[in-house]
Amino acid sequence: MSASPVESAPEPQPVFGRLLTAMVTPFAADGSVDEQATAALAAELVDRGNDGLVVCGTTGEYSTMTDEENARVFRIVKEAVEDRASVVAGVGSNDTAHTLHLAELAEGVGVDGLLVVTPYYNKPTQAGLRAHFSTVADAVHTPVMLYDIPGRAGIPIAPDTYRALAEHPNIVAVKDAKADFAAATEVMATTDLQYYSGDDGLTLPWMALGAVGLVGVTTHVVPEAFRALIDAIVAGDLATAQRLHRQLHPVVTATMTRVPGAVAAKTILAWQGRLASDAVRLPHVGPTEEEVARMRADLADSPAADTLR
């Protein structure tokens, strides 16, 4: 008798969706939060294929905003998309007490998740990271997504730390922006944490390894193309996924390598006529003429260029 095939367990559904844009916070020309533009952009991104939004993260310039502004943006976006998409609130800080305060404000709004970044500048030990993340997760009922970005924070989250934190029922996901595929494979093999690519241009390899989706910035620019890429990967259509991955490369270059992502995304959204103002807050400034020329040249190289106008 031949052995019966082994039945694999069904893949868990992504807790926050598959395509999430780390949304810019639109500012008026005077630097104030443009509430109407914020709501309109959130709704448009969902209409164009996002099933989740991250608000007031790095790209949202949260660190230059007051707590009151952050809380207001949490509410504006949640009200704009209602239950059509998950809303994950960036509540990170290098001060645990401040992170707790932002987390409580976000939970009061009723967001679907909390993005908690590794404490930057302080460079705590791994024991300090465990204490920081666990303290936040203990204080709220909203699911937590860890944000691992050593390029900004100065330190990575180690696999042993992930395994310890995965035991917490409220810590459910990871946004990984360090691209250590070996370490991530180890964590995915030994925990139930759901991984999201934090690098737009690495969505295909990340999801091939087992990540469930993307938290992106370039997704502002061509959301339908990223939706198609993710859908092709999930469907196992490697040829289509490879084609889209290559087509998107120039757009990722324009958005993620010439100037900071928040600056690039706002600049391109203004070129597309989707934002009235590309204002950013210091220490960000707008692109130079040379940077603009490079970004425009990058976009012109993409087969997706027709969707940029």
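Every value quoted in this text rests on a predicted model; they were computed, and no experiment measured them.

Q: Requested: an account of the packing of aromatic side chains, with residues and values cited.
A: This structure, assessed with the given rule, holds three aromatic pairs. Where Tyr162 meets Tyr195, the ring centres are 6.0 Å apart and the plane angle is 55°; that geometry is what we call tilted. Of this pair, Tyr162 sits in helix H6 (residues 159–166) while Tyr195 sits in strand S7 (residues 194–197); the two residues are 33 residues apart in sequence, bridging distant segments of the chain. Using a relative accessible area of 1% as the deciding quantity, one classes Tyr162 as buried. Their ring planes at 25° and their centres at 5.8 Å tell us that Tyr195 and Trp206 sit as a pair that is stacked. Linking Tyr195 in strand S7 with Trp206 in helix H8 (residues 203–209), this pair joins segments that are 11 residues apart in sequence. With respect to class, Tyr195 is no different from Trp206; both count as buried. Within the aromatic cluster, the residues linked to one another by ring pairs are Tyr162, Phe181, Tyr195 and Trp206.

Q: Give me the lowdown on the UniProt feature "active site" (unreviewed entry) in the protein, citing residues and values where you can.
A: The feature "active site" (unreviewed entry), as given by UniProt, occupies Tyr147 and Lys175 in the numbering adopted here. Across 29 residues, the annotated set stays spatially compact, with a maximum C-alpha separation of 4.8 Å. Tracing the backbone through its elements, the reader meets Tyr147 in strand S5 (residues 144–148). Setting aside its immediate chain neighbours within four residues, Tyr147 contacts Thr58, Leu115, Val116, Val117, Thr118, Ile157, Lys175 and Ala177. Here Lys175 lies in strand S6 (residues 171–176). With near-sequence residues (within four places) excluded, Lys175 lies in contact with Leu115, Met145, Leu146, Tyr147, Asp148, Tyr196, Gly198 and Val215.

Q: Please give an account of unusual backbone geometry that cites residues and values.
A: Look at the link from Leu282 to Pro283: it is a cis peptide, with omega at 15°. Following the sequence through the fold, Pro283 ends up in the loop between helix H11 (261–271) and helix H12 (289–300). Backbone geometry at Cys56 places phi at a positive 60°, although glycine is not the residue there. Counting through the fold element by element, Cys56 comes out in the loop between strand S2 (52–55) and helix H2 (67–81). Unlike most non-glycine residues, Glu82 shows phi in positive territory, near 50°. Tracing the backbone shows Glu82 in the loop between H2 and strand S3 (86–90).

Q: Could you give an account of the environment of Tyr121, naming the residues involved and the relevant values?
A: Here Tyr121 is to be found in the loop between strand S4 (113–117) and helix H4 (126–139). Judged by relative accessible area, which is 74%, Tyr121 ranks as exposed. For the pair Tyr121 and Arg227, spaced 106 residues apart in the sequence, the C-alpha separation amounts to 35 Å. Those residues in contact with Tyr121, other than ones at most four positions away along the chain, are Asn94 and Ala153.

Q: A description of the side chain of Thr267 should follow, citing residues and the corresponding values.
A: Residue placement: Thr267 occurs in helix H11. Of the residues examined, Thr267 reaches a relative accessible area of 4% and is grouped as buried. Other than its neighbours up to four places away in sequence, Thr267 contacts Asp278, Pro287 and Met295.

Q: Mind laying out the pairing of S2, listing which residues take part and the relevant values?
A: Side chains of S2 alternate between two faces, with Gly52 and Val54 and Leu53 and Val55 buried alike. Sheet analysis places strand S1 (residues 19–22) next to S2, joined by three bridges and oriented parallel. Across the sheet, residue Leu20 finds its bridge partner in S2, namely Gly52. Once the chain exits S1 it traverses helix H1 (residues 35–47) before rejoining the sheet at S2, and the crossover so formed is right-handed. As paired elements, S2 and S3 share four bridges and run parallel to each other. Across the sheet, residue Gly52 finds its bridge partner in S3, namely Ser86.

Calculation notes
- Residues numbered from 1 in each chain as written.
- Predicted model: local features only at pLDDT ≥ 70, side-chain atom pairs only at ≥ 80, totals over all residues.
- Heavy atoms only, no water.
- Phe/Tyr/Trp six-rings, centres within 6.5 Å; stacked < 30°, edge-to-face > 60°.
- Helix = DSSP H or I, 4+ residues; strand = E, 2+ residues; numbered from the N terminus.
- Buried < 20%, exposed > 50% of the residue type's maximum accessible area, 1.4 Å probe, protein only.
- UniProt positions renumbered as here; feature names shortened; annotations may be inferred.
- Contact = heavy atoms within 4.5 Å.
- Pairing = 2+ DSSP bridges.
- Right-handed = clockwise from strand over helix to strand, strands pointing away.

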